[in-house]
Amino acid sequence: MGRSDLDGNEIKPMKVFLIGGGGFIGSHLCEKLMAETSHKVIVIDVFSDKIDHLLHKSCPSVDRIEFHKINIKNDSRLETLIKSTDITVNLAAICTPADYNTRPLDTIYSNFLDAIPVVKYCTESGKRLIRFSTCEIYGKTIGSFLPNDHPLRKDHMFYPLKEDVSPCIFGPVEKQRWSYACAKQMIERLIFAEGAEHGLKFTIVRPFNWIGPRMDFIPGIDGPNDGIPRVLACFSNENPSRANGQIFNVGNPNNEVTVKELAQLMIKVYAKVSGDDASNLTTMEVRSKDFYGVGYDDSDKRIPDMTIINQQLGWNPKTSLEDLLDITLEYQHRTYSQAIKKALSQPAC
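Per chain, the residues get numbers from 1 upward, laid out in the order the sequence is written. Under the rules for a predicted model, residues below a pLDDT of 70 receive no local features and side-chain atom pairs below 80 are neither given nor counted, while totals for whole chains, interfaces and linings still include all residues. The side-chain values count all of the structure's non-hydrogen atoms but skip hydrogen atoms and water molecules.

J.: Outline the overall build of the protein chain, supporting the account with residue identities and numerical values.
T.: Of the regular secondary structure elements, the protein chain holds 12 helices and seven strands. Accessibility here uses a 1.4 Å probe with only protein chains present; expressed as a share of the type maximum, an area under 20% marks a residue as buried, one over 50% as exposed, and anything in between as partly exposed. In the protein chain, buried positions account for 44% of the 349 residues. Reported accessibility uses the Shrake-Rupley method at a 1.4 Å probe radius. Residues are deemed covered only where the shown protein chains occlude them. Taken as a whole, the protein chain presents about 18,600 Å² of accessible surface, with 53% of it coming from carbon and sulfur. What counts as a helix is a DSSP run of H or I of at least four residues, what counts as a strand is a run of E of at least two, and both are numbered from the N terminus.

J.: Explain the pairing of strand S2 (residues 40-45) to me, using residue names and the numbers behind them.
T.: Of all six residues in S2, five are buried, a share of seventy percent or more. Alignment of strand S1 (residues 15-19) against S2, held across five bridges, turns out to be parallel. Counted as the bridge partner of Phe17 is Ile42 from S2. Handedness of a crossover is defined as follows: orient the strands so they point away from the viewer, and if the path from the first strand over the helix to the second runs clockwise, the crossover is right-handed. In this fold, the crossover linking S1 to S2 by way of helix H1 (residues 24-36) has right-handed handedness. Relative to strand S3 (residues 65-69), S2 runs parallel, the two being bridged by five bridges. What sits directly across from Val41, in S3, is Ile65. Here, strands pair whenever DSSP counts at least two bridges between them.

J.: Can you explain the sheet that holds S2? Please cite residues and give values.
T.: One open sheet accounts for seven strands, arranged S3-S2-S1-S4-S5-S6-S7; its pairing is parallel. Only two strands of the sheet have a single partner each, and these edge strands are S3 and strand S7 (246-250). With direction set aside, neighbouring strand axes in the sheet form an average angle of 15°. As paired elements, strand S4 (residues 87-90) and strand S5 (residues 128-132) share four bridges and run parallel to each other. Orientation is described by lines fitted to C-alpha atoms, with helices fitted over the stretch in contact, and by angles between N-to-C directions that extend from 0 to 180 degrees.

J.: Explain the packing of aromatic side chains residue by residue, including any values.
T.: Each Phe, Tyr or Trp ring (for Trp, its six-membered ring) is paired with any other whose centre lies within 6.5 Å, and the angle between the two planes then decides the class: stacked below 30 degrees, edge-to-face above 60, tilted in between. According to the stated counting rule, one finds five aromatic pairs in the structure shown. Ring centres of Tyr100 and Tyr180 lie 4.6 Å apart, and the angle between their planes is 5°; on these two criteria the pair is classed as stacked. Of this pair, Tyr100 sits in helix H4 (residues 97-102) while Tyr180 is found in helix H7 (residues 179-198), placing the two residues 80 residues apart along the sequence. For Tyr100, a relative accessible area of 2% translates into the label buried. Arranged with centres 6.1 Å apart and planes meeting at 85°, the rings of Phe132 and Trp210 form a pair that is edge-to-face. Separated by 78 residues along the polypeptide, Phe132 in strand S5 and Trp210 in the loop between strand S6 (202-207) and helix H8 (240-243) bring together distant segments of the chain. With relative accessibility at 4%, the residue Phe132 sits in the buried group. For Trp210, a relative accessible area of 17% gives the class buried.

J.: So what's going on with the pattern of salt bridges? Which residues, and what values?
T.: Salt bridges are counted wherever a side-chain nitrogen of Lys or Arg sits within 4 Å of a carboxyl oxygen of Asp or Glu. A full pass over the atoms with the stated rule returns 16 salt bridges. Close ionic contact of Arg334 with Glu330 constitutes a salt bridge, the shortest N to O distance being 2.6 Å. Remark: Glu330 and Arg334 occur in helix H12 (residues 321-345); sequence separation between them is four residues, near one turn of the helix. Residue classification places Glu330 among the partly exposed positions, given a relative accessible area of 34%. When salt bridges with common partners are traced through the structure, they connect Glu136, Arg177 and Arg302 into a single cluster.

J.: So what about the nonpolar core? Which residues, and what values?
T.: As used here, the term nonpolar core means buried Ala, Val, Leu, Ile, Met, Phe, Trp, Tyr and Cys residues forming a set that is joined through side-chain atoms within 4.5 Å. Leu18, Cys30, Val41 and Val89 are the most contacted members of the largest nonpolar core, which totals 36 residues. A per-element tally of this core places H1 first, with five residues. Val89 has contacts with Val16, Phe17, Leu18, Ile19, Leu29, Ile130 and Phe132, leaving out every residue within four places of it along the chain. Contact between two residues is taken to exist if any of their heavy atoms lie within 4.5 Å; hydrogens are not considered.

J.: Go over a nonpolar patch on the surface with me, naming the residues and quoting the values.
T.: Candidates for patches are residues over 30% relative accessible area with no salt bridge; among them, like charges are joined within 9 Å and nonpolar side chains (Val, Leu, Ile, Met, Phe, Trp, Tyr) within 5 Å. Taken together, the side chains of Leu105, Ile108, Tyr109 and Leu113 define a hydrophobic patch exposed on the protein surface, amounting to about 350 Å² of accessible area. Secondary-structure assignment places Tyr109 in helix H5 (residues 104-111).

J.: Summarise the environment of Pro13; cite the residues concerned and give the values.
T.: With respect to the helices and strands, the residue Pro13 is situated in the segment before S1. Pro13 sits 10 residues away from Arg3 along the chain, and the two C-alpha atoms are 9.7 Å apart. Residue contacts for Pro13: discarding those within four places in its chain leaves Ser38 and His39.

J.: Any details on the environment of Ile247? Residues and values, ideally.
T.: Mapped onto the fold, Ile247 is located in strand S7. Classification of Ile247 by relative accessible area gives buried; the value is 11%. Taking the C-alpha atoms as reference points, Ile247 and Ile309, separated by 62 residues in sequence, lie 8.6 Å from one another. Not counting the four nearest positions on each side in its chain, Ile247 is found in contact with Glu163, Glu188, Phe192, Ile204, Arg206 and Ile308.

J.: Before we move on, could you go through helix H9 (residues 259-274) and cite the residues and values that matter?
T.: Its 16 residues place the ends of H9 21 Å apart at the C-alpha level, agreeing with the 22 Å of an ideal helix rising 1.5 Å per residue. Of all the positions in H9, only Leu262, Leu265, Ile267, Val269, Ala271, Val273 and Ser274 are classed as buried. One or two positions beyond H9, positive phi appears at Gly275, with a value near 85°. The span one expects for a helix is its residue count, reduced by one, times 1.5 Å.

Below you can see the structure in the form of structure tokens.
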């Protein structure tokens, strides 16, 4: 599986440590690494359901991947695993909006305090760190504070979020919803400081509402009965020399929609996927305060500027939102329809 980076240098096999590698992004990254590289991958997570197919003895690459059920919170094995591998990719996070209000302490601990040892061990051992962050760290745009009739409100060039320029503007402290964004920003600042003072080699990735198969859960089917799934919310080999010390937005500027527009598009796509009559599918308007609870506050725009990742890695998004929904909803319908029908057929307690 000989591969070269963007500068023509051979990519040599390495040992990759994936923290939180059993989730949505991690499972796809594992598949990519198994299918397109000769790397060995060590995955830790609290669940392995989404990568069980890679761990099965019948999988051709099973000898290059291993899984450990580990919660990084106060686990002594974390340091040993980081030091025994070549690169660490940290995907672990609490990233469900409903949790920001109901579990603000867990959100802060998971996304900041629990991530500190990972940064520390990577620095001490001279190991490279790829940290998956979030577009949430941008918070609100400056435009959201302008009067409704201000001309800049309609200027589309005013809203794209740039890694090295855009400020991070959050709502008031009483809005617990910002606990996630603040925690994510603080770990980014810690990583940047370790790079500046102690030479930590790092790359920060800011996903903009990624969606796809395996991204979400259905309450009571493959998630908690009282859970609220996320809104229907590529990264394989990259050049260390081009990516070192960089922060990359990764998203599609053309896919930005309101929640209402997303719901309407989902009805259109789901009707096609399921064969249901779209006229029988409707939306209802609910205030975010009523859905998520007191303390929720949202940003107004999430439009990534893609200049840096295009210049450094030559990457541009290619898939439309409708195509992404088509792939995602087809997967969810296929995966969950029978399970849901079975659950609904059970007598109520």
